[in-house]
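Chains, contacts and geometry: an overview
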Amino acid sequence: MRPIRRPPDSSVDGGRDPCHMADALVSVERLTKTYGRARGVVDLSFDVQPGEVFGFLGPNGAGKTTTIRLLLDLIRPTAGRVVAFGSDVRRSSREVRARTGYLSGDLRLYERLTPREHLRYLAALRGLPDLGDGEAIATRLELELDRPVRALSRGNRQKVGILLALFHRPELLVLDEPTAGLDPLMQQAFYALLRERVADGGTVFLSSHVLAEVQHVADRVAAIREGRLELVDTVEALRSRAFTRVEATFTGALPPGHAFDGLSGVRELERRNSTVVLALSGPADPLVKALARYEVLTLDSHEADLEDVFLDLYRSDGDAA
Amino acid sequence: MLRNVAAKTLRDLRRGFLWWSVGLAGMVALMVAVYPTVRDNPALNRFVEQYPDTLKAFIGFGGEVDYTSAAGYLGSELFSFMVPLLLLLAAIGAGARAVAGEEEAGTLELLLSCPVSRRRLVLEKLAALVVETTALGAVLVVSLWVGARAVSMQVSLAHLAAATTSAVLLALAYGAIALLLGAATGRRALTVAVVAALAVAAFLVASLAPLVSVLDVAKEVSPFYHYSASDPLRHGLSAVHALPLLALAAVAGLLAPFALERRDVGVG
């Protein structure tokens, strides 16, 4: 279902394989942007290959939006450059924007216009003879085209943003937090639209602060933190590193420090008061049997969220170095 | 109305245009309606003649202060202050909204995600500003002409048009400066405040010039001086004074695209 166009590439420093650099659709090259009090980004380098869905992950304020705005030539780099469709986006800004569909993470629309009027205006600015896929996409997203934007809910506004990014069948889609405000059903409809765009030869660059959200559609992901690129990897490789976070609270004495050493796929992350937090990858059985020897009050386990996975990755990267 | 940025901008200005038109026409109607009373009351004119020079300096419009002639009355009551005030407010507001307003509303990003060059975008905003201000001038001329005919004022359509054109050029100059400053800073309120302050300063320089010798030299740089200096209600426009206004509008308007071209967009 999910198209994977490249063999898994698990090199942590960006998967910058020289064979693929020449035909990358987007190349971010040593990109740095510093401004005012905001953090910006520092020395980012990565490529987006034609036909892939590239997830751009990081906590809020990490520099995702700054990177995206540099890509769209809305702001200008302090150093480095972004090359898209073979030329510097500073130099061929209009051409890049003609071939790109963009959804802002801080979407603002004309309050007095209806979605259909937005479509007409943007179609005119793009020099299109008609509304492209506009009406079809609106139907898929269950969006009414003729109510003024000011009367729309947050979710419906987001649908308008998606519509405006997609209606002209762009070769490259740049989407900043696209599912914000969408209910789960609509998120599925949106991902289906994305898959169709990719099957049709499109390339997608989307940002998110939640890995769980991206992992179902993305081929590769990059993670950024505090303005720096932390890793670029395939989703396959990341999944293999993912773990379940298990928190066990005990009534009596805590198990000794070495109690969980040597269990396969189990690693102790931290302990506080009467709670021990463990990372589990692989089958749960050995851990369950080990825990059974102590008086367990509560047992809480959940899929590690993005923060856990990346924190863990950063930690192990640090150990390796 | 959604074919391009200029047309969309004019579409957005429709409602405001209606109110500015009502304001201009209403003001003209009121002033013109009072004219017969003033004309037929020589005592009032003698009283005005005794006004201190400072006051006369502010209520004059190019020539002598004279409430009995139609040109003198319209100059003092409308063109010396109220007409430029209203046209400037409309033009500065539109100029500041053009880029800075759209940027603060966040919709500039939507426009710039389309393959429209920044220069083109600002030039279309300039075109909309010119159309809007000229249209307000047309409303003003028509109101004046209708009003003047109604109370048999001795003033020609050509002279009314000349004075209005001068006012439109003045408003365009400040509107273009607002467009430029808005394009450079992205801040609407700041732009309005700075440009309004510039206009007040220029107005004071031009009005006080006859009384203060230092200002008499400085008046040449005041757009308000050139606005009234040729006494357009009596003598029509003169190129010497119209061209500086036109040049100011053109220079500010044509610099504006470059102001936006160079900077980051949407960075609060």
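Residues numbered from 1 in each chain as written. Chains lettered and ligands numbered in written order. Predicted model: local features only at pLDDT ≥ 70, side-chain atom pairs only at ≥ 80, totals over all residues.

Helices and strands together make up the secondary structure of chain A, namely eleven helices and 14 strands. Across the 321 residues of chain A, 40% fall into the buried class. If you take every contact in chain A between residues at least 6 apart in sequence, the share linking residues at least 24 apart comes to 70%. (Helix = DSSP H or I, 4+ residues; strand = E, 2+ residues; numbered from the N terminus. Buried ≥ 20, exposed ≤ 12 C-beta atoms within 10 Å, placed from the backbone. Contact = placed C-beta atoms within 7 Å.)

On to the packing of helix H8 (residues 157-185) of chain B against helix H13 (residues 239-261) of chain B, then. Residues and elements named next belong to chain B. In contact at an axis separation of 8 Å, H8 and H13 are set at 20° when each is read in the N-to-C sense. Of the possible angle classes, the one that applies to H8 and H13 is roughly parallel. Where H8 crosses over H13, the handedness of that crossing is left-handed. Residues Ser166, Leu169, Leu170, Leu172, Ala173, Ala176, Ile177, Leu179, Leu180, Ala183 and Ala184 of H8 form the contact with H13, whose participating residues are Ala242, Leu245, Leu246, Leu248, Ala249, Ala252, Gly253, Leu255, Ala256, Ala259 and Leu260. Its residues assigned to classes, the contact of H8 with H13 shows 20 nonpolar, two polar and no charged. (Axes fitted to C-alpha atoms, helices over the stretch in contact; angles between N-to-C directions. Parallel < 35°, antiparallel > 145°, perpendicular 65-115°, else oblique. Left-handed = near helix turned anticlockwise from the far one by under 90°. Nonpolar A, V, L, I, M, F, W, Y, C, P; charged D, E, K, R; others polar.)

Moving on: the interface of chain A and chain B. Counting residues at the interface gives 20 residues for chain A and 20 residues for chain B. Among the secondary structure elements, those contributing two or more residues to the side of chain A that touches chain B are helix H3 (93-98) and helix H4 (115-125) of chain A. No other element matches the six residues that H4 of chain A contributes to the side of chain A that touches chain B. Residue composition of the side of chain A that touches chain B, by class: eleven nonpolar, one polar and eight charged.

With that out of the way, let us pick up the nonpolar core. Grouped together as the largest cluster of nonpolar side chains are 151 residues, with contacts concentrated most on Leu163 and Phe205 of chain A together with Ala91, Ala173, Tyr174 and Leu179 of chain B. It is H8 of chain B that contributes the most residues to this core, 19 residues altogether. The next biggest cluster of nonpolar side chains, apart from the first, holds nine residues, and it includes Phe260, Val276, Leu280 and Leu291 of chain A. (Core = buried A, V, L, I, M, F, W, Y, C linked by C-beta atoms within 7 Å.)

What follows covers the domain arrangement of chain A. Along its sequence, chain A is carved into domain 1 (18-239) and domain 2 (243-303). Inter-centroid distance (C-alpha atoms) of domain 1 of chain A to domain 2 of chain A is 41 Å. (Domains from an automatic or database assignment.)

The next point concerns the pairing of strand S6 (residues 100-103) of chain A. Residue and element names in this part refer to chain A. Burial along S6 is two-sided: the residues Thr100 and Tyr102 and Gly101 and Leu103 are all buried. When S6 meets strand S7 (residues 172-176), the two strands line up parallel, connected through four bridges. Following the sheet pairing, Gly101 is matched in S7 by Leu173. (Pairing = 2+ DSSP bridges.)

Residue and element names in this part refer to chain A. Read across the sheet, six strands follow the order S6-S7-S8-S3-S9-S10 without closing on themselves; strand pairing throughout is mixed. On the outer flanks of this sheet lie S6 and strand S10 (228-234), each paired with one strand and no other. The sheet shows a mean angle of 15° between the axes of neighbouring strands, taken without regard to direction. Strands strand S3 (53-57), S7, strand S8 (203-208) and strand S9 (220-225) of the sheet are contacted by helix H2 (residues 64-71), whose axis makes an angle of about 150° with S7. Across the sheet, helix H6 (residues 154-166) is in contact with S6 and S7; its angle to S6 comes to roughly 170°.

When two helices pack together, you describe them by how their axes are tilted relative to each other and by the distance separating the axes. All names here are of chain B. Where helix H1 (residues 5-39) meets helix H5 (residues 82-105), the axes come as close as 11 Å, and the angle between the chain directions of the two elements is 170°. On the basis of the axis angle, H1 is roughly antiparallel to H5. Contacts between H1 and H5 pair Thr9, Leu13, Trp20, Gly23, Leu24 and Met27 from the former with Met82, Leu86, Ala90, Ala94 and Ala98 from the latter. Along the lines of polarity and charge, the residues of the contact of H1 with H5 split into nine nonpolar, two polar and no charged.

Further remarks concern the sheet that holds strand S2 (residues 41-48) of chain A. In any sheet, the strands associate via hydrogen bonds between backbone groups, in a parallel or an antiparallel arrangement. All names here are of chain A. An order of S2-S1-S4-S5 is seen for the four strands of this open sheet, with the pairing classed as antiparallel. Looking along the sheet, the strands with just one partner apiece sit at the ends: S2 and strand S5 (87-88). Note that strand S1 (residues 26-33) and S2 share five bridges and pair antiparallel. Looking across to S2, one finds that Ser27 is bridged to Asp47. The strands that H2 touches are S1, S2 and strand S4 (79-84); relative to S1, the one it contacts most, it runs at about 120°.

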